[in-house]
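# Understanding the architecture of this molecule
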Amino acid sequence: MKKTTTKLADGRELIYYDRDPNVLRDTADQRPLEAPTSLSEVRRDPATGDWVTVAAHRQARTYHPPADQCPLCPSRPGRPSEIPGADYDVVVFENRFPSLAADAAAHVPVRTDPVRTGGPGVGRCEVVCFTADHDASFADLSPAKARLVLDVWTDRTAELSAAPGVQQVYCFENRGAEIGVTLAHPHGQVYGFPFTTARTERMIASAALHRAETGGNLFEDLLAAERADPVRVVLAGEHWTAFVPFAARWPYEVHLYPNRRVPDLTALDEAERAEFPALYLELLRRFDRLFAGPGENGAAVPAPYVAAWHQAPALRGEELALHLELFTIRRTVGKLKFLAGTESGMDAFINDVSPEAAAQRLREVSS
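Glancing now at the overall build of the protein. Looking only at helices and strands, the protein has 6 helices and 17 strands in total. What you see for the protein is a C-alpha radius of gyration of 21 Å, in line with the 21 Å of a compact globule of 367 residues. Overall size of the protein, expressed as C-alpha extent along the three principal axes, is 60 × 60 × 40 Å. Counting the 367 residues in the protein, one finds 52% classified as buried.

Written out as structure tokens, the structure is:
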């Protein structure tokens, strides 16, 4: 993998990741852009302890542009984009409208009142463009290209984990307008949070309780139980296992674990990295085959989904296990799983599909 770092016209960092070690990346960004200013701040909810990011400047971000004005496609004559090059394998760049940014420290005060605790939203938000093909999806990538993306996620995890003020690195993809995606081009994001997220805090607490009660590691025991009774296992390789969790929150939700517990992407070995692309691509393709289309040919309906890497925080969470959580908000053909009063108001999920039935369906739609 060749890594080439450059700057966009407004000073944001852009990084090309190429499989060809001989490719040259010397096209400059000629757009007349002003340097961005971040007004992000983080505020602590005194009732729950959760951190909330306030990023009011993001209201002006790009929203569903036409395909010929996509800012994630390569630049072409008369149509410059966020990527100056005429083509690319994988590109990462600092978000033009970030939720978190290093320069927030210069614009947002620190709050120390016990019930009004907060400060600048210092961190990093990056966009990861998986392919130059606007009409593709992650599931369309070759295993070699998917491996390159895995290596990019790993590189960004290593770099951002060492960045000042970053406590947790989160790599993820949102796919589909139903999820809320505003740019149709296949891409994901990487966040460097200045705090440990609420979900991870709960995982840390659960792992500590499990250790105290059983003497074992929660995630090792969880994975061992699923593999021993594989009614919810969807895919099983030599180094990875994909299963629907016992208490799945979403109608179709799969967790993908390396069989060897590691804290983050940087700790995967070569055998684990080599096996991941084929398993993950098959999983994504099964999600796309879940729902027969309403059209006369019964074509598959692309599944809107969130794919989320859970990693241990940079300085905490030694009990945690790296894993990817993949879920779709579609519960059946033409119907979405909306977060209504119980989920949105109380964080109490009600699932419309039994985890065992979901796993069976995902096995049935194999390639």
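Resuming the write-up.
To continue, consider the side chain of glutamate 253. Tracing the sequence through the fold places glutamate 253 in strand E13 (residues 252–258). Within the buried set, glutamate 253 has no salt-bridge partner at all; the shortest N-O distance to an opposite charge, 4.4 Å, is to arginine 249. From its side chain, glutamate 253 meets the backbone nitrogen of arginine 249 in a polar contact 2.9 Å long. Side-chain polar atoms of glutamate 253 contact the side chain of histidine 255, separated by 2.7 Å. If sequence neighbours within four positions are ignored, glutamate 253 has contacts with Phe243, Val244, Pro245, Ala248, Glu325, Leu326 and Phe327.

Taken in spatial order, the 11 strands line up as E1-E2-E5-E8-E10-E9-E14-E15-E13-E12-E11 in an open sheet, and their pairing is antiparallel. Strands with a single pairing partner mark the edges of an open sheet, and in this sheet they are strand E1 (2–7) and strand E11 (233–236). Each adjacent strand pair in this sheet contributes to an overall mean axis angle of 20 degrees, direction not counted. With 5 bridges joining them, E13 and strand E15 (residues 323–328) adopt antiparallel strand pairing. Paired with tyrosine 252 across the two strands is threonine 328, which belongs to E15. Here helix H2 (residues 198–214) sits on the sheet and contacts strand E9 (168–175), strand E14 (305–310) and E15; the angle it forms with E15, its principal contact strand, is near 125 degrees.

Turning next to the pattern of salt bridges. Under the defined criterion, the tally for this structure stands at 34 salt bridges. A salt bridge links arginine 31 to aspartate 29, with the nearest nitrogen and oxygen atoms 2.9 Å apart. When sorted by exposure, arginine 31 lands in the same class as aspartate 29, which is buried. The closest approach of N and O atoms between arginine 43 and glutamate 41, which form a salt bridge, is 3.0 Å. Classification of glutamate 41 as buried rests on a relative accessible area of 11%. Connected through shared salt-bridge partners, Lys3, Glu13, Glu94, Arg124, Glu126, Asp155, Arg156 and Glu159 make up one network.

Moving on, we get to the side chain of aspartate 18. Among the structural elements, aspartate 18 can be located in strand E2 (residues 13–18). Judged by relative accessible area, which is 2%, aspartate 18 ranks as buried. For aspartate 18, the side chain forms a polar contact with the side chain of arginine 25, separated by 2.7 Å. Setting aside anything within four residues of it in sequence, one finds aspartate 18 in contact with Met1, Lys2, Val23, Arg25 and Asp89.

Moving on, we come to the sheet that holds strand E3 (residues 41–44). With respect to topology, 4 strands assemble into an open sheet ordered E4-E3-E7-E6, the strand pairing being antiparallel. The outermost strands of the open sheet, each flanked by one partner alone, are strand E4 (51–54) and strand E6 (111–113). Here the strands of the sheet are splayed against their neighbours by 20 degrees on average, with no regard to which way each runs.

Another point: the packing of helix H1 (residues 143–161) against helix H4 (residues 270–289). Contact geometry for H1 and H4: axes closest at 9 Å, N-to-C directions at 120 degrees. When the axes of H1 and H4 are compared, the pair comes out oblique. Handedness of the crossing formed by H1 with H4: right-handed. Here Pro143, Ala146, Arg147, Leu150, Asp151, Trp153 and Thr154 of H1 come into contact with H4, specifically with Glu270, Arg273, Ala274, Phe276, Pro277, Tyr280 and Leu281. Class assignment of the residues belonging to the contact of H1 with H4 gives a composition of 9 nonpolar, 1 polar and 4 charged.

Here we take up the layout of surface pockets. If you add up the space inside the second largest pocket, you get close to 560 Å³. In terms of lining residues, the second largest pocket is bounded by 26 residues, among which Arg61, Thr62, Asn95, Thr182 and Leu183 are the most central. Of all the secondary structure elements, the ones that give two or more residues to the lining of the second largest pocket are E9 and strand E10 (187–193). The residue makeup of the lining of the second largest pocket, split by class, is 10 nonpolar, 9 polar and 7 charged.

How each quantity is defined
Residues numbered from 1 in each chain as written. Predicted model: local features only at pLDDT ≥ 70, side-chain atom pairs only at ≥ 80, totals over all residues. Heavy atoms only, no water. Helix = DSSP H or I, 4+ residues; strand = E, 2+ residues; numbered from the N terminus. Rg over C-alpha atoms; globule rule 2.2 N^0.38 Å. Buried < 20%, exposed > 50% of the residue type's maximum accessible area, 1.4 Å probe, protein only. Lys, Arg positive; Asp, Glu negative; His and termini not counted. Salt bridge = Lys/Arg side-chain N within 4 Å of Asp/Glu carboxyl O. Polar contact = N/O pair within 3.5 Å; in protein donor to acceptor, adjacent residues only side chain to side chain. Contact = heavy atoms within 4.5 Å. Pairing = 2+ DSSP bridges. Axes fitted to C-alpha atoms, helices over the stretch in contact; angles between N-to-C directions. Parallel < 35°, antiparallel > 145°, perpendicular 65-115°, else oblique. Left-handed = near helix turned anticlockwise from the far one by under 90°. Nonpolar A, V, L, I, M, F, W, Y, C, P; charged D, E, K, R; others polar. 1 Å grid on protein atoms, 1.4 Å probe; cavity = no way out; pocket = protein on both sides within 12 Å on 5 of 7 lines; lining within 4 Å. Points joined across faces, edges and corners; volume = space filled by probe spheres on them.

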